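What the coordinates show
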Amino acid sequence: CSLTIEDGTLFTLLGPSGCGKTTLLRTMAGFIPVRSGSVCFGAKDVTHMPPHQRDVGMVFQDYALFPDKTVFDNVAYGLRARKRDAATISKTVAEYLERVGLTGYEARRPAELSGGQRQRVALARALAIKPSVLLMDEPLSNLEAKLGIQCRESIADLQTSANSIAPFTQEEALALSDRIGLVRDGLLAQVGTPHELYAQPNSTYVADFVGAANAIPVHLAHAAQANATIRLGLDGHDVSATAGQALGAGPAVLLARAETLGLRDQPVDNSIPVHVLRRQYLGARTL
């Protein structure tokens, strides 16, 4: 399969562990050789180009900071490798440390920082070289929830500096991404905006992965066009639904997400009798 990512996009790779997200990132960065096909950044074919010539910034899952170097030297590393002069390095490092909220931390070493601070140093280091492509390998996975939200916002604010590609969790992907590619066994199951993957999944796999869904086998008596209202039998009751795509008569899957369902104490149109087995209190809502 092929994939085109538009300029200025924050593109997220979403999928289960082991499906190929990190492999794809490392292939794009040049750390894994390409067996077939090609990798292009704009009009430039970088398929066989070494990593240091690809103009790529990468934030690793474990941050990969140099433990013996200060925050300043970590952020300055890529600039020095590109032979920038001392004044430019000092100015650029100061600019990006300010952007990630770490001004005043220049002399500290990674061991003296929290996980969130190390994550922000890694992000500043990747962005300081002003890469054409920024690759982030699950940069928020090691952070506790509140800190993860803060760093997520930092990435959203800073990502306009480069085209960004990253694997994120489902919640992060929906909150951050311009577009999402859902990966399954090394292939793209669906590519689209967060709304498209959530509201218009092209398969039961996509529907269940992007926001847990109740996928109920049903039978269509007649063919239906996309967005048409259809009637179908469910547990002996006649209910209506909207066809997500053109469907032929026969077996189909009814997708019912939790937020589309409601409980009533009396029968109403398009309802079926149920028995509540359990409930979970989640603060803002009850499941």
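Check the entry above for the structure.
A short tour of the structure in this document, coming up.

Rules used throughout
Residues numbered from 1 in each chain as written. Predicted model: local features only at pLDDT ≥ 70, side-chain atom pairs only at ≥ 80, totals over all residues. Heavy atoms only, no water. Helix = DSSP H or I, 4+ residues; strand = E, 2+ residues; numbered from the N terminus. Polar contact = N/O pair within 3.5 Å; in protein donor to acceptor, adjacent residues only side chain to side chain. Axes fitted to C-alpha atoms, helices over the stretch in contact; angles between N-to-C directions. Parallel < 35°, antiparallel > 145°, perpendicular 65-115°, else oblique. Left-handed = near helix turned anticlockwise from the far one by under 90°. Contact = heavy atoms within 4.5 Å. Nonpolar A, V, L, I, M, F, W, Y, C, P; charged D, E, K, R; others polar. Salt bridge = Lys/Arg side-chain N within 4 Å of Asp/Glu carboxyl O. Patch = residues over 30% accessible without salt bridge, like charges linked within 9 Å, V, L, I, M, F, W, Y side chains within 5 Å. Areas by Shrake-Rupley, 256 points an atom, 1.4 Å probe, with all protein chains shown as cover. Core = buried A, V, L, I, M, F, W, Y, C linked by side-chain atoms within 4.5 Å. Buried < 20%, exposed > 50% of the residue type's maximum accessible area, 1.4 Å probe, protein only.

**A short note on the side chain of D137**
Checked against the element boundaries, D137 lands in the loop between β5 (133–136) and α5 (145–158). Looking at D137, its side chain comes within polar contact range of the side chain of T22, at 3.1 Å.

**Concerning the packing of helix α2 (residues 71–81) against helix α3 (residues 86–99)**
Relative orientation of the contacting elements α2 and α3 amounts to 125°, with a least axis distance of 10 Å. One element, α2, and the other, α3, form an angle in the oblique class. When the axes of α2 and α3 are compared, the crossing they make is right-handed. Residue-level inspection shows V71, F72, V75, A76, L79 and R80 of α2 in contact with α3, the latter providing I89, S90, T92, V93 and L97. When the residues that make up the contact of α2 with α3 are grouped by side-chain class, the tally is eight nonpolar, two polar and one charged.

**Focus: the pattern of salt bridges**
Oppositely charged side chains can form a pair if their charged atoms are brought close together. Scanning all chains against the criterion turns up three salt bridges. The partner of D73 in a salt bridge is R80, with the nearest N and O atoms 2.9 Å apart. Put simply, E95 and R99 hold a salt bridge, and the shortest N to O gap is 3.9 Å. Of this pair, E95 and R99 both sit in helix α3, four residues apart, which is roughly one turn of the helix.

**Some remarks on a nonpolar patch on the surface**
A contiguous nonpolar surface patch, about 370 Å² in accessible area, is contributed by L263, I272, V274 and V276. Mapped onto the secondary structure, L263 falls in the segment after β12 (250–256).

**Digging into the nonpolar core**
Residues V59, V75, V93, V121, L123 and L134 are the most contacted members of the largest nonpolar core, which totals 27 residues. Within the residue set of this core, elements represented by two or more residues are α2, α3, α4 (115–128) and β5. The contact partners of V75, leaving out residues within four places of it in the chain, are V93, L97, V121, A124, R125 and A128. Within the second largest apolar cluster, 17 residues are counted, among which are V46, M49, M58 and V183.

**Regarding the packing of α2 against α4**
Helices that pack against each other are described as a pair by the angle of their axes relative to one another and the distance between those axes. One way to put it is that α2 packs onto α4 with a least axis distance of 7 Å and a crossing angle of 25°. On the basis of the axis angle, α2 is roughly parallel to α4. Considering how the two elements wind past one another, α2 and α4 form a crossing that is right-handed. Packed against α2, whose contacting residues are V71, N74, V75 and L79, the element α4 presents V121, A124, R125 and A128 at the interface. Broken down by class, the residue content of the contact of α2 with α4 amounts to six nonpolar, one polar and one charged.

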